[in-house]
Amino acid sequence: MITIRGLYKSFDGQPVLKGIDLDIRDNETIVILGPSGQGKTVFIKALVRLLEPDAGTIEYDGVNVVGLTKKAFRDVQKDIAFVFQNSALFDFLTVNDNLSLFLQMHEKITPAEIAEKVSQALAFVGMDNSVLDKFPEELSGGMKKRVAIARAMIKRPKYMFYDEPTTGLDRGSAEKVSELIRMLRGEIAVTSIIVTHDIKLMQDVSDRVALLKDGRIVFVGGKDEISAEMLEFLYETGENNGL
Ligand SMILES: Nc1ncnc2c1ncn2[C@@H]1O[C@H](COP(=O)(O)OP(=O)(O)OP(=O)(O)O)[C@@H](O)[C@H]1O
Ligand SMILES: [Mg+2]
């Protein structure tokens, strides 16, 4: 469980997060929905400590990670995987190396076991070993995203964070990503935290939804509780409304 209280962050005197309170429950898929420029990426980066908030606490199972040393954070970090908006695969590594890097670094397992885990992860995302020797630039956007999800799940994280997992993908690829997010919840009981402006993604995958507007969470609840009026209110200032 992740408990967020009073999270503030500003840049050059401009507040972006203005006191965010949110509870993320184990094994749920929570979507934080908001238009462009509302601080979604800043928020999710603060949760995984890619940036430090100005104030507030972020507790993973009761351990506040704000201000923790890198070394002390490692214990929590091993449970966390992050799927970046741009997939963030290593361009100079093959798919095989992108997928096996974490296992080579962190686990004492044989090359045969690594190959087996890599194959399984690829199969999970609907790909096969024929892509192992390809470089990311040889893959479509949708395939890159699937490799990024495979790479994230290979460490069997407790928490998976996604920043705009469907942005830039065609409908078919976006639906495949939605399906994977749903499968991960069932198969490895992962807790998924997704920030997006994609209303369809929210409808397809979320157990609960938090609406982010002007640096604050203005609503938390089930997707069925979200009315057209609420979405209109949410997106009224956004230039990229996704509707
Ligand atoms: N490192 C930074 N330095 C200064 N300003 C920043 C920095 N990171 C983000 N911001 C500002 O914070 C605000 C929120 O940015 P953020 O990227 O979190 O928005 P977002 O909701 O993720 O938008 P999008 O949907 O377009 O990805 C923007 O005004 C942005 O310019
Ligand atoms: Mg963003």
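No experiment lies behind these values; they were computed from the predicted model shown. (Residues numbered from 1 in each chain as written. Chains lettered and ligands numbered in written order. Predicted model: local features only at pLDDT ≥ 70, side-chain atom pairs only at ≥ 80, totals over all residues. Heavy atoms only, no water.)

J.: Any chance you could break down the overall build of the chain for me, citing the residues and the numbers?
T.: A count of helices and strands for the chain gives eight helices and ten strands. The C-alpha atoms of the chain give a radius of gyration of 18 Å, which matches the 18 Å a tight globule of 243 residues would have. Seen through its principal axes, the chain has C-alpha atoms that stretch 50 × 40 × 35 Å. In the chain, buried positions account for 49% of the 243 residues. Counting only carbon and sulfur atoms, one obtains 48% of the accessible surface of the chain, whose full area is about 11500 Å². When the 30 basic and 36 acidic side-chain charges of the chain are each reduced to a single mean position, those positions are 4 Å apart. (Helix = DSSP H or I, 4+ residues; strand = E, 2+ residues; numbered from the N terminus. Rg over C-alpha atoms; globule rule 2.2 N^0.38 Å. Buried < 20%, exposed > 50% of the residue type's maximum accessible area, 1.4 Å probe, protein only. Areas by Shrake-Rupley, 256 points an atom, 1.4 Å probe, with all protein chains shown as cover. Lys, Arg positive; Asp, Glu negative; His and termini not counted. Charge placed at Lys NZ, Arg CZ, Asp CG, Glu CD.)

J.: Account for the packing of aromatic side chains, with residues named and values stated.
T.: If you walk through the whole model with that rule in mind, you get three aromatic pairs. Considering the side-chain rings of Tyr-60 and Tyr-159, the 5.3 Å spacing of their centres and the 80 degrees angle between planes classify their relative orientation as edge-to-face. Here Tyr-159 lies in strand S7 (residues 159-163) and Tyr-60 lies in strand S4 (residues 55-60), a separation of 99 residues in the sequence. According to the relative accessible area criterion, Tyr-60 is buried, its value standing at 4%. Between Phe-90 and Phe-92 the ring centres are 5.8 Å apart and the planes differ by 50 degrees, which places this aromatic pair in the tilted class. The class of Phe-90 is partly exposed, set by a relative accessible area of 35%. The class for Phe-92 is exposed, based on a relative accessible area of 61%. Positioned above the aromatic ring of Phe-73 is the side chain of Arg-49, whose terminal nitrogen or guanidinium carbon lies 5.1 Å from the ring centre. Sitting over the face of the ring of Phe-233, Lys-213 holds its NZ or CZ atom 4.7 Å from the ring centroid. (Phe/Tyr/Trp six-rings, centres within 6.5 Å; stacked < 30°, edge-to-face > 60°. Lys NZ or Arg CZ within 6 Å of the ring centre and 35° of its normal.)

J.: Tell me about the site of ligand 1, and name the residues and values.
T.: The environment of ligand 1 is formed by Phe-11, Val-16, Pro-35, Ser-36, Gly-37, Gln-38, Gly-39, Lys-40, Thr-41, Val-42, Glu-164 and His-197. Within the side chain of Lys-40, one N or O atom sits 2.8 Å away from an oxygen atom of ligand 1. In the environment of ligand 1, an oxygen atom lies 2.8 Å from a nitrogen or oxygen atom belonging to the side chain of Thr-41. Within the complex, the protein chains bury 58% of what would otherwise be the 640 Å² of accessible surface of ligand 1. Broken down by element, the shell around ligand 1 gets its largest block of residues, three residues, from helix H1 (residues 40-47). (Near = heavy atom within 4 Å. Polar contact = N/O pair within 3.5 Å; in protein donor to acceptor, adjacent residues only side chain to side chain.)

J.: Tell me about the nonpolar core, and name the residues and values.
T.: Ranked by size, the top nonpolar core spans 48 residues in total, and within it Leu-33, Leu-99, Ile-149, Met-160, Tyr-162 and Leu-184 carry the most contacts. With six residues, helix H5 (residues 141-153) is the largest single contributor of residues to this core. By size, the runner-up hydrophobic cluster in this structure holds 31 residues, among which are Ile-2, Ile-32, Ile-44 and Val-65. (Core = buried A, V, L, I, M, F, W, Y, C linked by side-chain atoms within 4.5 Å.)

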